[in-house]
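Chain by chain, the residues:
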Amino acid sequence: MESVAAPKPVSKNAIVFVLITVLLDIIGFGIIIPVLPQLIESIGQINLADAAIMAGWMAFAYAIAQFACGPLMGNLSDRFGRRPMLLLAIAGLGLDYLLHALAPTLFWIFVGRVLAGVCGASWTIANAFITDVAPVEERGKYFGMVGAAFGLGFILGPALGGILGEYGPRVPFYAAALISGLNLIYGYFVLPETLAAENRRPFDWRRANPFGVFRVFATYKGVLPLCAILFILFFATSIYPAIWPYWGIAKFGWSTSMVGISLAVFGLSVALVQGGLAGPAERLFGPTRVVLIGLIFGVIAAVGYGLAPNTLAVFVLIFLHAPEGLVNPMLTAILSKKVPDNAQGELQGGLAGMAAIATLGGTVFFAQVFGHFMQPDRTFQSPGISFFIEAGMMLFALILFIRYVPDALRGANSTKVTT
């Protein structure tokens, strides 16, 4: 058997390193959101409605690549360790931003999206890091901290992108590429390896192909129902990256700066809730009750966005929406307790692949719905229809959760799931 050096002893410092890496990654991602509509309109010489549809297909390209390669990245991290896979993800994202900044045609933006999808998202490996070093009973808290890093990144990234976007739609992409490069250097020198040699396992193509995801989920008892709920959640919430800037521009006349501000406020709410409340909420209510509460607030917020009369109402709804952000980390924590240590990367890769295919369908779906109801020649135009559809999906996820997790309504700490 090949000899693999054991990783150095790690502590909570490893979690700090991962959180900073995710934070820098999301700052780079958030910078580009306020200017992407303008860039697509400019390069493609198309109107806002068509730009939204085009952005949906770009997200489709990203998601299909991630669906194909997410399980592969997770399984490779179980074989070779978390550190090299996370550095690869960061490097791929940096190249993606450079392609956007230099793209002469929309084709090259598609190429960049595919590249980013192939390399995978940092959160997949970050979650595997967490399972390596965090006590089982505290994983929900630490998954919430990863979510908080996402939220903080969305405070800083979009705000910076909105400011830089005033100098041209390509400028934020250069800034994002620079941040990814600095992140890569930082990770290379300080990011530890957390997967011990004895917890690594041989690589198996049968377990790494994207359609093997469903076999992986079926291997462990009680996993499939929770994954179905997560799938609906990922599909429904893909509405936000799909149409948020276009919806704000169409309904309220937002500038790139206001798009950035709205996303920064969104990120602030997520950071406050996931960073400060995930641990206490898990201890006080139990993970199942937290998921139940989060789904209820998700339904309310979606309906609210569809009816929002002005920007002030949107900002109020953003904070009302924040508890929904606890659903994913709590469900992920529950799922992580159902698989062995040497399959945590596989689980996270499987979840990434599932999230990718859900986002794939959801992003294209919501972009098409928005574009359809916002075309100039439509008799009935409404930028908010998509949010009412999202509310119905979230309600369905809530019903499924109550059906398959019977202790949810009692607020018990048990994670038992009937099948």
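Just so you know, the residues in each chain are numbered from 1, in the order the chain's sequence is written. Under the rules for a predicted model, residues below a pLDDT of 70 receive no local features and side-chain atom pairs below 80 are neither given nor counted, while totals for whole chains, interfaces and linings still include all residues. Heavy atoms from the whole structure form the basis of all side-chain values; hydrogens and water molecules are not counted.

1. What about the overall build of the protein chain?
Phase 1: A run of H or I in DSSP counts as a helix once it spans at least four residues, and a run of E counts as a strand once it spans at least two, with each numbered from the N terminus. Secondary structure summary: the protein chain contains 18 helices and zero strands in total.
Phase 2: Only protein chains enter the accessibility calculation, which uses a 1.4 Å probe; a residue whose area is less than 20% of its type maximum is buried, one above 50% is exposed, and one in between is partly exposed. Counting the 419 residues in the protein chain, one finds 60% classified as buried.
Phase 3: In what follows, residue pairs with any heavy atoms lying within 4.5 Å of each other are defined as contacts. Put simply, 83% of the contacts in the protein chain that link residues at least 6 apart link residues at least 24 apart.
Phase 4: Accessible surface, the protein chain: about 16300 Å² in total, of which carbon and sulfur atoms supply 70%. In short, Shrake-Rupley with a 1.4 Å probe defines the accessible areas, and a residue's cover is counted only from the protein chains shown.

2. What to know about the packing of aromatic side chains
Phase 1: Any pair of Phe, Tyr and Trp rings, taking the six-membered ring for Trp, is counted once the centres come within 6.5 Å. Such a pair is stacked with planes under 30 degrees apart, edge-to-face with planes over 60 apart, and tilted for the rest. Enumeration over the complete set of coordinates arrives at 19 aromatic pairs.
Phase 2: Between Phe 235 and Phe 365, the ring centres sit 6.0 Å apart and the planes meet at 45°, which makes this aromatic pair tilted. You can see Phe 235 sitting in helix α11 (residues 223-237) and its partner Phe 365 sitting in helix α17 (residues 344-374), a full 130 residues away along the chain.
Phase 3: Relative accessible area serves as the criterion here: at 18%, Phe 235 is assigned to the buried category.
Phase 4: What links up through ring pairs into an aromatic cluster is the set Tyr 240, Trp 244, Trp 247, Phe 252, Trp 254, Phe 266, Tyr 305 and Phe 387.
Phase 5: Over the ring of Tyr 188 we find Arg 83; its NZ or CZ atom is 5.4 Å from the centre of that ring. Two conditions define a charge sitting above a ring: the NZ of Lys or the CZ of Arg must be within 6 Å of the ring centre, and it must be within 35 degrees of the ring normal.

3. Let's talk about the environment of Pro 34
Phase 1: Along the polypeptide, Pro 34 turns up in the loop between α1 (12-32) and α2 (36-44).
Phase 2: In this structure Pro 34 comes out as buried when scored by relative accessible area, which is 2%.
Phase 3: Taking the C-alpha atoms as reference points, Pro 34 and Trp 244, separated by 210 residues in sequence, lie 9.5 Å from one another.
Phase 4: The contacts of Pro 34, once residues within four sequence positions are left out, are Pro 158, Gly 161, Gly 162, Thr 256, Val 259 and Gly 260.

4. Topic: the packing of helix α12 (residues 239-252) against helix α14 (residues 287-307)
Phase 1: Axis definition: a line fitted to C-alpha atoms, over the contacting stretch in the case of helices. Angles run 0 to 180 degrees between N-to-C directions. Running from N to C, α12 and α14 point in directions that differ by 30°, and their axes come no closer than 12 Å. Classified by the angle between their axes, α12 and α14 sit roughly parallel to one another. Across from Tyr 240, Trp 244, Trp 247 and Lys 251 in α12, the residues of α14 making contact are Tyr 305, Gly 306 and Leu 307.
Phase 2: By residue class, the composition of the contact of α12 with α14 is five nonpolar, one polar and one charged. Oblique is the label for every angle not falling under 35 degrees (roughly parallel), over 145 degrees (roughly antiparallel), or within 65 to 115 degrees (roughly perpendicular). When residues are sorted by character, Ala, Val, Leu, Ile, Met, Phe, Trp, Tyr, Cys and Pro go into the nonpolar class, Asp, Glu, Lys and Arg into the charged class, and all the rest, Gly among them, into the polar class.

5. Focus: the packing of α14 against helix α15 (residues 311-321)
Between two packed helices, the angle of one axis relative to the other and the distance separating the axes together describe the packing.
Phase 1: Look at α14 against α15: their axes get within 9 Å of each other, and the N-to-C directions meet at 165°. In terms of orientation, α14 lies roughly antiparallel with respect to α15. By crossing handedness, the relation of α14 to α15 is classed as left-handed. Within the contact between the two elements, α14 uses Phe 297, Gly 298, Ile 300, Ala 301, Gly 304 and Tyr 305 and α15 uses Val 314, Leu 317, Ile 318, Leu 320 and His 321.
Phase 2: Of the residues belonging to the contact of α14 with α15, the class tally is eight nonpolar, three polar and no charged. In a left-handed crossing the near helix is turned counterclockwise from the far helix by less than a right angle, and in a right-handed crossing that turn is clockwise.

6. A few points about the confidence of the model for the protein chain
Phase 1: Every residue gets a pLDDT, meaning the predictor's confidence in that residue, from 0 to 100. Per-residue confidence for the protein chain gives a mean pLDDT of 78; residues scoring 70 or more make up 86%.
Phase 2: The least confident element of the protein chain, judged by mean pLDDT, is helix α9 (residues 205-208) at 64; the most confident is α15 at 93.
Phase 3: Taken as a whole, residues 1-10 scores under 50 in pLDDT and shows 16 contacts with residues more than four places along the chain or in a different chain.
Phase 4: Of the regions scoring below 50 in pLDDT, residues 411-419 engages in 31 contacts with residues more than four places distant in sequence or in other chains.

7. Focus on the nonpolar core
Phase 1: The biggest cluster of nonpolar side chains holds 84 residues, and the ones touching the most others in it are Trp 244, Trp 247, Leu 295, Tyr 305, Val 314 and Leu 331.
Phase 2: Leave out the neighbours within four places in its chain, and Leu 295 touches Leu 233, Val 327, Met 394, Ala 397, Leu 398 and Phe 401.
Phase 3: Definition of nonpolar core: a set of buried residues of the types Ala, Val, Leu, Ile, Met, Phe, Trp, Tyr and Cys, connected through side-chain atoms within 4.5 Å. Grouped together as the second largest cluster of nonpolar side chains are 28 residues, Leu 23, Met 85, Leu 86 and Ile 125 included.

8. Brief notes about helix α5 (residues 106-119)
Phase 1: Between its first and last C-alpha, α5 extends 21 Å over 14 residues, near the 20 Å set by a 1.5 Å rise per residue.
Phase 2: Those residues of α5 lying buried are Leu 106, Ile 109, Gly 112, Arg 113, Ala 116, Gly 117 and Cys 119. Along the axis of α5, the buried positions cluster into a sector of 170°, meaning they face one direction only. One less than the number of residues in a helix, times 1.5 Å, gives the span that helix is expected to have. The arc refers to the directions leading from the helix axis to the C-beta atoms.

9. Brief notes about the side chain of Glu 324
Phase 1: Mapping Glu 324 onto the fold places it in the loop between α15 and α16 (327-336).
Phase 2: Positive residues here are Lys and Arg, negative ones are Asp and Glu, while His and the chain termini are left out of the count. The salt bridge criterion pairs a side-chain nitrogen of Lys or Arg with a carboxyl oxygen of Asp or Glu, the two atoms within 4 Å. The buried charged residue Glu 324 lacks any salt bridge partner; its closest oppositely charged side chain belongs to Lys 251, at an N-O distance of 17 Å.
Phase 3: By the criterion applied in these results, polar contacts are pairs of N or O atoms within 3.5 Å in which, for protein atoms, one can donate a hydrogen and the other can accept it, and in which residues neighboring in sequence qualify only through two side-chain atoms. Looking at Glu 324, its side chain comes within polar contact range of the side chain of His 321, at 3.0 Å.
Phase 4: Each residue touching Glu 324, except ones within four places of it in the same chain, is listed here: Thr 237, Gly 294, Gly 298, Glu 390 and Met 394.

10. Re a nonpolar patch on the surface
Phase 1: A surface patch of nonpolar side chains, amounting to about 650 Å² of accessible area, comprises Leu 178, Leu 182, Ile 185, Tyr 188, Phe 189 and Val 190.
Phase 2: Along the chain, Leu 182 turns up in helix α8 (residues 171-190). A patch consists of residues whose relative accessible area exceeds 30% and which take part in no salt bridge; residues with like charges are grouped when within 9 Å of each other, and nonpolar side chains (Val, Leu, Ile, Met, Phe, Trp, Tyr) when within 5 Å.

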